[in-house]
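# A structural walkthrough
Spelled out from the first residue to the last, the chains are:
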Amino acid sequence: MQEVFQQLQAKMELSLEETNLIPDPVERYGRCIKLVSKSIDEIKGIFSSYTFRTLEEEIYYFKDICPVFYSRHFYLTKVYDIELLKRSAGKKNLRWKYDHDLREIELFFSQNQGLSKYFFGNLTYLDEQLFTRRNGQQGLIEDLSPVIDPNFTLATYKVSWIIANQKYRSYLQKELQRLDHPDENIEENKTRRDVISLGVSKSYLAEEIVALQLAELIYVNGQPASLAWLTEQAELLLHTDLKDFKSLDYANRSRKKELTPLLTSMIKKYLDRASRLNK
């Protein structure tokens, strides 16, 4: 059953990654919420009539699996509300909202200090008491209740909020920083100069540029990026000269032994990683 969890999580993460192409934050986070809700519905569907084979499997589900999905839903819902508020609220109201939510987060951690220490300390001695169905919802779960599994344990719910609040606190702190110093990110980008260089031969780079263009993975102004645009961006990013791109491309297409050595190597490395992590 652990493999089912991993597949659902991988599917969700891939779907969420694809939303990065949506430029509007309200639309993007709204889409993310729907994707996570769909994943949660899949989990609830699988386990609505499932009988855990062992106590350890049940604890693993409520302690390690559920919080991954529910914490993401809680966090995204909070951020979506903020991004929606930013459409109409002024600086003063935004600051009040950020400060208010940060105080609520600190209050939450203060009220759940014991469980927070238990969770962050990777402790296990109370797992059977906290993360099994026999305990069910040991209290009122009102916030975001439409997505909650009826068999959800209170500890699972709170752990999900522990994870979500930790991430939401970081988001709010960054928003406050952006509110106080709106030009800071721009200036930082101007002064920051990472040392970037090409780690493969230019022929390999040409192979990758062609593959990116044919796969239409990058869009510019609503249209698939052209070879010329991709080549120019590669030159700027990697500080390399690709004026001989056409010659490199011709040489690549004329290879006798291996037509796509870079792509073949990348596929192998990906499969090796997948095999290693799935063991």
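Residues numbered from 1 in each chain as written. Predicted model: local features only at pLDDT ≥ 70, side-chain atom pairs only at ≥ 80, totals over all residues. Heavy atoms only, no water.

What follows is about the overall build of the chain. When helices and strands are tallied, the chain shows twelve helices and two strands. Helices (α) and strands (β) of the chain occur, in sequence order from the N terminus, as α-α-α-α-α-α-α-α-α-β-β-α-α-α. Expressed as a percentage of the 279 residues in the chain, the buried residues total 37%. Within the chain, counting contacts between residues at least 6 apart in sequence, those at least 24 apart form 68% of the total. As presented, the chain carries roughly 17,700 Å² of accessible surface, and 53% of it is formed by carbon and sulfur atoms. (Helix = DSSP H or I, 4+ residues; strand = E, 2+ residues; numbered from the N terminus. Buried < 20%, exposed > 50% of the residue type's maximum accessible area, 1.4 Å probe, protein only. Contact = heavy atoms within 4.5 Å. Areas by Shrake-Rupley, 256 points an atom, 1.4 Å probe, with all protein chains shown as cover.)

This part covers the pattern of salt bridges. Enumeration over the complete set of coordinates arrives at 14 salt bridges. Among the salt bridges present, the one from E106 reaches R169, with a minimum N-O distance of 2.8 Å. Placement of E106 in helix α4 (residues 91-111) and of R169 in helix α7 (residues 154-180) is noted, with a sequence separation of 63 residues between them. Residue E106 is classed as partly exposed on the basis of its relative accessible area, which comes to 41%. (Salt bridge = Lys/Arg side-chain N within 4 Å of Asp/Glu carboxyl O.)

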